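These are the residues of each chain, in order.
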Amino acid sequence: MELRGVEEHTRPLVPSKADNTPAPTPLTDRKQSMNKRIILGLVISAAAAVLLVILLCVFLIDTSPPPPPDPGVPWLSVSPKRPYSASVMLSSRSDTSGGVGGQLQLCSLESCCSTGRFLFTAPTVIYIDHHQSCNTFVMDKNQKMSIKVLNENPEKVQIDRFEMTLEDGATYQGSFTGPQKEQWSESFPLEVLDLTYRHQKTMIKVNIKNLKNNPRNAAYLNGTKIEMKRKGDNRTGCFTNPLPWPKEEGTVKLNDLETLGTCFTYSIGDTGSNLLVRYHEPSNTQFTVSKIKIISFAEADYEWIVRQPGQNEGDMQWINAEFDDDA
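Residues numbered from 1 in each chain as written. Predicted model: local features only at pLDDT ≥ 70, side-chain atom pairs only at ≥ 80, totals over all residues. Heavy atoms only, no water.

Along the protein chain, the regular secondary structure elements total three helices and 19 strands. Counting over 327 residues, the protein chain shows a buried share of 38%. Restricting the contact set of the protein chain to residue pairs at least 6 apart, pairs at least 24 apart contribute 69%. Counting only carbon and sulfur atoms, one obtains 51% of the accessible surface of the protein chain, whose full area is about 20,200 Å². (Helix = DSSP H or I, 4+ residues; strand = E, 2+ residues; numbered from the N terminus. Buried < 20%, exposed > 50% of the residue type's maximum accessible area, 1.4 Å probe, protein only. Contact = heavy atoms within 4.5 Å. Areas by Shrake-Rupley, 256 points an atom, 1.4 Å probe, with all protein chains shown as cover.)

Time to look at the confidence of the model for the protein chain. Across the protein chain, the average pLDDT comes to 82, with 75% of residues at 70 or higher. This stretch, residues 1-15, has a pLDDT under 50; its non-local contacts, to residues over four places away or in other chains, come to one contact. Segment residues 58-67: pLDDT under 50, and one contact once partners within four positions in sequence are set aside and those in other chains are kept. (pLDDT = per-residue confidence, 0-100.)

Looking now at the nonpolar core. Residues Ile 204, Ile 226, Met 228 and Ile 294 are the most contacted members of the largest nonpolar core, which totals 33 residues. If you list the elements that add at least two residues to this core, you get β11 (202-209), β12 (225-230), β13 (238-239), β14 (250-254), α3 (257-260), β15 (275-280), β16 (288-296) and β17 (302-307). In contact with Met 228, other than residues within four places in its own chain, are Thr 202, Ile 204, Gly 237, Cys 238, Cys 263, Tyr 266, Ile 268, Leu 275, Leu 276, Val 277, Ile 294 and Trp 318. The next biggest cluster of nonpolar side chains, apart from the first, holds 27 residues, and it includes Met 139, Met 145, Ile 147 and Phe 162. (Core = buried A, V, L, I, M, F, W, Y, C linked by side-chain atoms within 4.5 Å.)

Within this structure, the stated rule accounts for nine aromatic pairs. Taken together, a centroid distance of 5.6 Å and an interplanar angle of 45° make the contact between Phe 162 and Phe 188 tilted. One end of the pair, Phe 162, is in strand β7 (residues 159-166); the other, Phe 188, is in strand β9 (residues 188-189), and 26 residues separate them in sequence. For Phe 162, a relative accessible area of 0% puts it in the buried group. Judged by relative accessible area, which is 5%, Phe 188 ranks as buried. Ring centres of Trp 245 and Phe 287 lie 6.4 Å apart, and the angle between their planes is 75°; on these two criteria the pair is classed as edge-to-face. Of this pair, Trp 245 sits in the loop between β13 and β14 while Phe 287 sits in the loop between β15 and β16, and the two are 42 residues apart along the sequence. Both residues of the pair, Trp 245 and Phe 287, count as buried. Between Lys 225 and the ring centre of Phe 239, over which it is positioned, the NZ or CZ distance is 4.6 Å. (Phe/Tyr/Trp six-rings, centres within 6.5 Å; stacked < 30°, edge-to-face > 60°. Lys NZ or Arg CZ within 6 Å of the ring centre and 35° of its normal.)

On to the side chain of Lys 141. Relative to the helices and strands, Lys 141 resides in the loop between β5 (124-127) and β6 (145-151). Among the residues examined, Lys 141 registers a relative accessible area of 18% and is labelled buried. Engagement of the side chain of Lys 141 in a polar contact is seen with the side chain of Asp 168, the distance being 2.5 Å. Residues within four places of Lys 141 in sequence aside, it is in contact with Leu 76, Val 78, Ser 79, Lys 81, Leu 166, Asp 168, Ala 170 and Tyr 172. (Polar contact = N/O pair within 3.5 Å; in protein donor to acceptor, adjacent residues only side chain to side chain.)

Below, the discussion takes up the sheet that holds β17. Pairing is antiparallel across the open sheet formed by five strands, whose spatial order is β14-β11-β16-β17-β19. The open sheet has two edge strands with one neighbour each: β14 and β19 (322-324). Neighbouring strand axes in the sheet, compared pairwise and without regard to direction, differ in orientation by 20° on average. Here β11 pairs with β16 via eight bridges, running antiparallel. The residue bridging Ile 208 from the neighbouring strand is Val 289, located in β16. (Pairing = 2+ DSSP bridges. Axes fitted to C-alpha atoms, helices over the stretch in contact; angles between N-to-C directions.)

This part is about the sheet that holds β15. Judged by pairing direction, the sheet is antiparallel, and its four strands sit side by side in the order β13-β12-β15-β18 without closing on themselves. The sheet is open, and its two borders are formed by β13 and β18 (319-320), each paired with just one other strand.

A few words on the state of the cysteines. Note on terminology: a disulfide is the covalent bond linking the sulfur atoms of two cysteines. For the coordinates displayed, the defined rule picks out three disulfides. The partner cysteine of Cys 113 in its disulfide is Cys 134, sulfur to sulfur 2.1 Å. Judged by the sign of its S-S torsion, about 115°, the bond between Cys 113 and Cys 134 is right-handed. Linking Cys 113 in strand β3 (residues 111-114) with Cys 134 in the loop between β5 and β6, this pair joins segments that are 21 residues apart in sequence. Accessibility assignment for this pair places Cys 113 and Cys 134 in one class, buried. (Disulfide = S-S within 2.5 Å.)

Okay, structure coming up:
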C-alpha cells in the first residue's frame, strides 16, 4: 500500500475556521424570525405612542380665542379695555388760530400706540377709533398707564391737563407741569378720575320682555349695548356697557357709570329730533328689548323714545329717536 494514497483520503484532525460556523437549523430560523417580529412590534408601538402624544396636544392645547369676560365680575373691573377718547385741555393763554398740530402716544403693558396728527382746539377731543394705529390698542387698568403729547408749537399752545376715557366709561387724568420746551412732552402717568352724579348727563330706561332663565346668575349679558350719536355727525357718539341681566320683566334703569358707560357723560340736550339710536343684540340674547327711553339732564329734562329696537347682530340699523320736548 502506498503512503500517498492514505494522505489523500485522510480528513485533517484540526477543523478549519469555516467549519466553526454551525449549520442553520429550523430552531435558529424561528428565533431570528421572532426577534424581527419583536423589533417591528416595538417600532410600531413607539410610532403609535408618538402619534397619540401629537393627537393629545392637538385636542388639549386650546387655540381658540380667549373666552368672554366672566359675567359675574362687574364690567368696570374687567381689564384690559380699549381707549375710547382722549381730551387735551389747554390754558387760557393758548392761541389755536394758526392751526397748531399735535399727536398723542398712549402707553400700557410695556407697549405704546401713537395717534395720527390732529389740530388743537379748545378743548381738543380725540376719538381713538378714528386713528388706525390705535383702534385695537388696549390698556390695563391694573398696570401703569401713561400719555405723551406732541405739540408742534409750544409757544402758541400751552397744555394744562389730559383726560382719557376707556370704552367702559372709566376716566383717567394727568396734569401737565412745567413749561414745555420740546415738541414731545415727557410721559405723564394717568390716575383715576372719580366721576360723580355731577358729571352725569343721561339716563336710559329699557323695557324688557320675554325674559328667559339666567343659569349662570350673570350680572349682565355680554354683547348687548345701546349706542347713540347725533345725525349728520361723523364723530363717535357713545355706547352703554352690557345691559344688566334683569331679574324680572319690566323696566331696567341705566343710571350709573357701571351701566351707562361712555353715555354717562355724553350730552344730548340740544340734539332735538336729530338723535340716532341703535341696539346691539347678539343672537343668543335671553330677553327682548321692546322700548328704550333716553332722558337728558342738560339744562332741561328732555326725552327720546325708540320703539321695537331689537335687531339681530349683523343687521343693526340706526333708528331716529322720537323727540318729546314736553316730557
